[in-house]
Amino acid sequence: MEKQNKEWKDKFLLLYSEFDNYKKRTNKEKLELLSTASEKVILELLPIVDDFERAIAANEKVENIQVVKDGFNLIYNKLCQMLKRMDVQEIAALGEDFNTDYHEAITHFTAQKEEDQRKGIDVTQKGYKLTDKVSR
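What comes next is a walk through the structure.

Definitions and cut-offs
Residues numbered from 1 in each chain as written. Predicted model: local features only at pLDDT ≥ 70, side-chain atom pairs only at ≥ 80, totals over all residues. Heavy atoms only, no water. Patch = residues over 30% accessible without salt bridge, like charges linked within 9 Å, V, L, I, M, F, W, Y side chains within 5 Å. Areas by Shrake-Rupley, 256 points an atom, 1.4 Å probe, with all protein chains shown as cover. Salt bridge = Lys/Arg side-chain N within 4 Å of Asp/Glu carboxyl O. Helix = DSSP H or I, 4+ residues; strand = E, 2+ residues; numbered from the N terminus. Buried < 20%, exposed > 50% of the residue type's maximum accessible area, 1.4 Å probe, protein only. Pairing = 2+ DSSP bridges. Axes fitted to C-alpha atoms, helices over the stretch in contact; angles between N-to-C directions. Parallel < 35°, antiparallel > 145°, perpendicular 65-115°, else oblique. Contact = heavy atoms within 4.5 Å. Phe/Tyr/Trp six-rings, centres within 6.5 Å; stacked < 30°, edge-to-face > 60°. Lys NZ or Arg CZ within 6 Å of the ring centre and 35° of its normal.

With respect to a nonpolar patch on the surface
So, point 1. Together, Phe12, Leu13 and Tyr16 line one region of the surface with nonpolar side chains, adding up to about 340 Å² of accessible area.
So, point 2. Residue position: Leu13 is located in helix 1 (residues 2-59).
So, point 3. The exposure class of Leu13 is partly exposed, given its relative accessible area of 44%.

What follows is the structure in structure tokens.
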């Protein structure tokens, strides 16, 4: 009986040690994943920051305002494409049925038409979701 008890105790200690090592390893992997995830976002943003810096420098000498507008639109489109690559999607609100899972009301207005009731009529701040999780 004592021999069997010792065997069980040894097996338990071995299993406990393996599980403890597993927990430590997975926690370390989670921390590494978080740090590399933010690094990916930063590396995606750096070319856009470079574009903004070039645009600011170029705008000092520009007299045609349309050139400035076009430059900002190009940079904005580049940022939107980056967000799309990162699975960030804008949540449609304007003219959409109000959905408390995605929208937040800041005030109420009386609708002019019956079909406009419970619809978004203005957007103060756009909402976004990362994959299927609402971020803002």
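Regarding the sheet that holds strand 3 (residues 133-134)
By definition, the strands of a sheet pair up through backbone hydrogen bonds, in either a parallel or an antiparallel sense.
So, point 1. Reading across the sheet, the 3 strands line up as 1-2-3 and stay open at both edges, with antiparallel pairing between neighbours. The sheet is open, and its two borders are formed by strand 1 (88-91) and strand 3, each paired with just one other strand.
So, point 2. Of the strand pairs in this sheet, strand 2 (residues 127-130) and strand 3 are connected by 2 bridges, and their pairing is antiparallel. Bridging from a neighbouring strand, Leu130 pairs with Lys133 of strand 3.

Re the packing of helix 1 against helix 2 (residues 65-85)
So, point 1. Where helix 1 contacts helix 2, the two axes come as close as 10 Å, and the packing angle between them is 175 degrees. Classified by the angle between their axes, helix 1 and helix 2 sit roughly antiparallel to one another. In this structure, helix 1 contributes Glu44, Leu45, Pro47, Ile48, Asp51, Phe52, Ala55 and Asn59 to the contact, and helix 2 contributes Val68, Phe72, Ile75, Lys78, Leu79, Met82 and Arg85.

A few points about the packing of aromatic side chains
So, point 1. According to the stated counting rule, one finds 3 aromatic pairs in the structure shown.
So, point 2. Residues Phe52 and Phe72 carry aromatic rings whose centres are separated by 6.1 Å and whose planes lie at 50 degrees to one another, so their mutual orientation is tilted. Residue Phe52 is located in helix 1, and its partner Phe72 is located in helix 2; the two are separated by 20 residues in the primary sequence.
So, point 3. With a relative accessible area of 33%, Phe52 lands in the partly exposed category.
So, point 4. Just above the ring of Trp8 sits the side chain of Lys11; from NZ or CZ to the centre is 5.5 Å.

What to know about the pairing of strand 2
So, point 1. A one-sided burial pattern is seen for strand 2, the buried positions being Gly127 and Lys129 and the unburied ones Tyr128 and Leu130.
So, point 2. Sheet topology places strand 1 next to strand 2; 4 bridges connect them, and they run antiparallel. Across the sheet, residue Gln89 finds its bridge partner in strand 2, namely Lys129.
So, point 3. Linking strand 2 back to strand 3 in an antiparallel pair, the connection comprises 2 residues, with Thr131 at a positive phi of about 55 degrees.

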